[in-house]
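# Descriptive structure summary
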Protein chains: 2
Amino acid sequence: MKKVKVKSHATVANLVCGFDILGMALNDPYDLMEVKLLERPEVIIHNKDGFGLPEEPEKNVAGVVFLSVMGKMNNGIGFEVEMHKQIKPGSGLGSSAASAAGAAAAADHLLGNIFPKEDLVRFAMNGEKLASGVKHADNITPCIYGGVSLIRSIFPLDIISLPAPDLFVTVIHPQIEVKTSDARQILKKQVLLKDAIRQWGNIAGLVTGFLKNDLDLIGRSLEDVLIEPVRSILIPGFDEVKAKCKEAGVLGGGISGSGPSVFMLSRDRHTASEAEKAMKDVYDRIGIGYHTYITTINKTGVEITGE
Amino acid sequence: MKKVKVKSHATVANLVCGFDILGMALNDPYDLMEVKLLERPEVIIHNKDGFGLPEEPEKNVAGVVFLSVMGKMNNGIGFEVEMHKQIKPGSGLGSSAASAAGAAAAADHLLGNIFPKEDLVRFAMNGEKLASGVKHADNITPCIYGGVSLIRSIFPLDIISLPAPDLFVTVIHPQIEVKTSDARQILKKQVLLKDAIRQWGNIAGLVTGFLKNDLDLIGRSLEDVLIEPVRSILIPGFDEVKAKCKEAGVLGGGISGSGPSVFMLSRDRHTASEAEKAMKDVYDRIGIGYHTYITTINKTGVEITGE
């Protein structure tokens, strides 16, 4: 029986100013999945982690991705998967995207690598639709491609891989719940044109910073005048974490995806550690539990780690 | 008596999706100025063109730039200038920026090249303030630097030069008046977040296209869902010009600055000529006079052509 093991990485969507269009893959944390090809049109899910996610295929992010691949193939195949998730659902680190992208990549590998990466994004977007109600691609794309991804447009899908800088990433996941759907709901449907102009200046600066490997420019451009001021209200301690991390010398950072995780980019491991200390101090004082990660930008995308 | 001749180029602000943050310099048309350094704090302006612009320094775009340089120097110097403008005021081709940038560059040259280019932009912005009521820099910056400019932020000023592609530019200036201040007034102060997201996807795509010299990506990204739908109402024939030029094979294009000029980018001179024909056809039929230019992107910025 054909089977495959995949490693599917956490991702940071938005990258501060690039709401819905930018995302970046991290080396830690990551999910592991073991997928078998079945010769009958069925999806079987075994959750081997403690997150209590649904195992009915139609209600499971990986499940709906397998179903959409099966729908496309229409040749009587199916999939059985063991999920070993390590990216906590609701962390803002692309947990559902890791399941969706991992499922798409595993299915493709089992079928003989017949789909271009763009199609894997399309399959995986069905999983995101289930998880958040929206077919967004800013976690899935970097999860599949690795590095930093620009999604210029979703309909039609237009993906551009940007060079990823050799930066260190400090992440703190405070143990509070922020639902993606809530984080989307509280956004204003209208924004001031002058704020939008400031935002797209920063986006253009950030993208240029990645393409020129200009770390100062990346730092100056990591400013979000539209989304962060609204969403950060849902994250206790956010302003202080950011201020303290800046003092510690980080280039910049902000909310990871829709939160509650917060990430900071640093030029070196020492600064990344100082940022971690600053983050921990804030949440220790507030009295909220947390997980932290010091990691780097993943450049491979979802990995096939065994057959 | 020290004197200098400068050549100051037309510019296309906004570049379709990059409202207020992107601009590009053209080789045609351009202004010529002859500037003398005076040993008394006075500004004397002689208009040698037929545009009837004011000659009182405080009411003249170049005049206020000279005054701001004099204010900075505070050493009893002055300037006498002969203006030979060829960029028609109100064309949307950066006529006031050419005067302002030319004045700043000429003054700096006469003073021994003491200011960095960024300071020339700051001086010249005073001229734009006089012309349009707003200190915008998306014409001045490419006029001074040449090529394609990204103005990430105006306060503080953050200018990034982007690589300019070897494209042909077709411009039509229909002989109607669109005041920059009017074109700014009709814009909505608020925009839909979803439209802003589409816009910044395109801006990120366009900037990436310039940096990677990816002409297809430049073409796909030349879409403006926010400003063009509003401003194009002021330009008769706009939609048809655009449609016909696309049929002729241009990469894309739109309103130059606040209009009424319209520009189109093409890979080769033949397509640029076909676009010119299509533009002329539309305005011949509507019965509006015009000037057209087929040119390329200027990469030098304002030029010192004689002493």
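## Looking at helix α2 (residues 95-110) of chain B
Residues and elements named next belong to chain B. In a regular helix each residue adds 1.5 Å, so 16 residues correspond to 22 Å; α2 covers 22 Å between its end C-alpha atoms and thus fits that length. Burial runs high along α2: 15 of the 16 residues are buried. Where α2 ends, the next residue or the one after it, Gly 112, has phi of about 95°, a positive value.

## Focus on the interface of chain B and chain A
Residue-level contacts link 32 residues of chain B with 32 residues of chain A. If you tally residues by element for the side of chain B that touches chain A, the top one is helix α6 (residues 193-212) of chain B, at 13 residues. Looking at the side of chain B that touches chain A residue by residue, the class counts come to 18 nonpolar, 8 polar and 6 charged. One ladder, built from 3 bridges, connects strand β8 (residues 190-192) of chain A with strand β8 (residues 190-192) of chain B; its direction is antiparallel. If you follow Gln 190 of chain A over to β8 of chain B, its bridge partner there is Leu 192 of chain B.

## Topic: the environment of Gly 209 of chain B
All names here are of chain B. Tracing the backbone through its elements, the reader meets Gly 209 in helix α6. As a C-alpha pair, Gly 209 and Arg 220 span 11 residues in sequence and 9.3 Å in three-dimensional space. With residues up to four places along the chain from it excluded, the contact list for Gly 209 reads Asp 214, Leu 217, Ile 218 and Ser 221.

## Observations concerning the domain arrangement of chain A
Put simply, an interface is often sized by how much accessible area is lost when its parts join up. All names here are of chain A. Split by domain assignment, chain A resolves into domain 1 (3-163 + 298-306) and domain 2 (168-296). Taking only C-alpha atoms into account, the centre of domain 1 sits 24 Å from that of domain 2. Of the residues lining the interface, 26 residues belong to domain 1; the matching set on domain 2 comes to 37 residues. Contributions of two or more residues to the side of domain 1 that touches domain 2 are made by β1 (3-13), β2 (22-38) and β5 (148-153). In terms of residue class, the side of domain 1 that touches domain 2 is built from 14 nonpolar, 10 polar and 2 charged.

## A short note on helix α1 (residues 61-73) of chain A
Residues and elements named next belong to chain A. An ideal rise of 1.5 Å per residue puts 18 Å on 13 residues; α1 measures up with 19 Å between its terminal C-alpha atoms. Counted residue by residue, α1 has 10 buried out of 13 residues, so it is predominantly covered. Listing the buried residues of α1 in full gives Val 61, Ala 62, Gly 63, Val 64, Val 65, Phe 66, Leu 67, Ser 68, Val 69 and Met 70. For α1, the secondary structure elements touched by its buried residues are β3 (43-47), β4 (78-84), α2 (95-110) and α3 (117-132). Positive phi shows up at Asn 74, right after α1, with a value of about 50°.

## Concerning the sheet that holds strand β7 (residues 168-174) of chain A
Residues and elements named next belong to chain A. Spatially, the 4 strands line up as an open sheet ordered β9-β10-β7-β11, and their pairing is antiparallel. In the strand order of this sheet, the two ends are held by β9 (252-255) and β11 (290-296), each with one partner. Between one strand axis and the next, the sheet turns by 15° as a mean value, whatever way the strands run. One ladder, built from 5 bridges, connects β7 with strand β10 (residues 262-266); its direction is antiparallel. Looking at β10, one finds that Val 169 is bridged to Leu 265. Sheet contacts for helix α10 (residues 269-286): β7, β10 and β11; angle to β7, the most-contacted strand, approximately 15°.

## So, the relation of the copies chain B and chain A
The two copies are related by a screw motion: chain B maps onto chain A through a turn of 180° and a shift of 0.0 Å along the axis, at an RMSD of 0.0 Å. Within this description, the copies of the chain are treated as partners about a two-fold rotation axis. Of the interface residues in chain B, 100% have counterparts in chain A that sit at the interface too, so the contact is made through matching surfaces.

## A few points about the pairing of β7 of chain A
Residue and element names in this part refer to chain A. Where burial is concerned, most of β7 is hidden: 7 out of the 7 residues are buried. Taking every second residue as pointing to the same face, both faces of β7 are buried, with Phe 168, Thr 170, Ile 172 and Pro 174 on one and Val 169, Val 171 and His 173 on the other. Relative to β11, β7 is paired through 7 bridges, and the arrangement is antiparallel. By the bridge assignment, Val 169 is partnered in β11 with Thr 295.

Cut-offs applied
Residues numbered from 1 in each chain as written. Chains lettered and ligands numbered in written order. Predicted model: local features only at pLDDT ≥ 70, side-chain atom pairs only at ≥ 80, totals over all residues. Helix = DSSP H or I, 4+ residues; strand = E, 2+ residues; numbered from the N terminus. Expected span 1.5 Å × (residues − 1). Buried ≥ 20, exposed ≤ 12 C-beta atoms within 10 Å, placed from the backbone. Contact = placed C-beta atoms within 7 Å. Nonpolar A, V, L, I, M, F, W, Y, C, P; charged D, E, K, R; others polar. Pairing = 2+ DSSP bridges. Domains from an automatic or database assignment. Axes fitted to C-alpha atoms, helices over the stretch in contact; angles between N-to-C directions. Least-squares fit on C-alpha atoms with pLDDT ≥ 70 in both.

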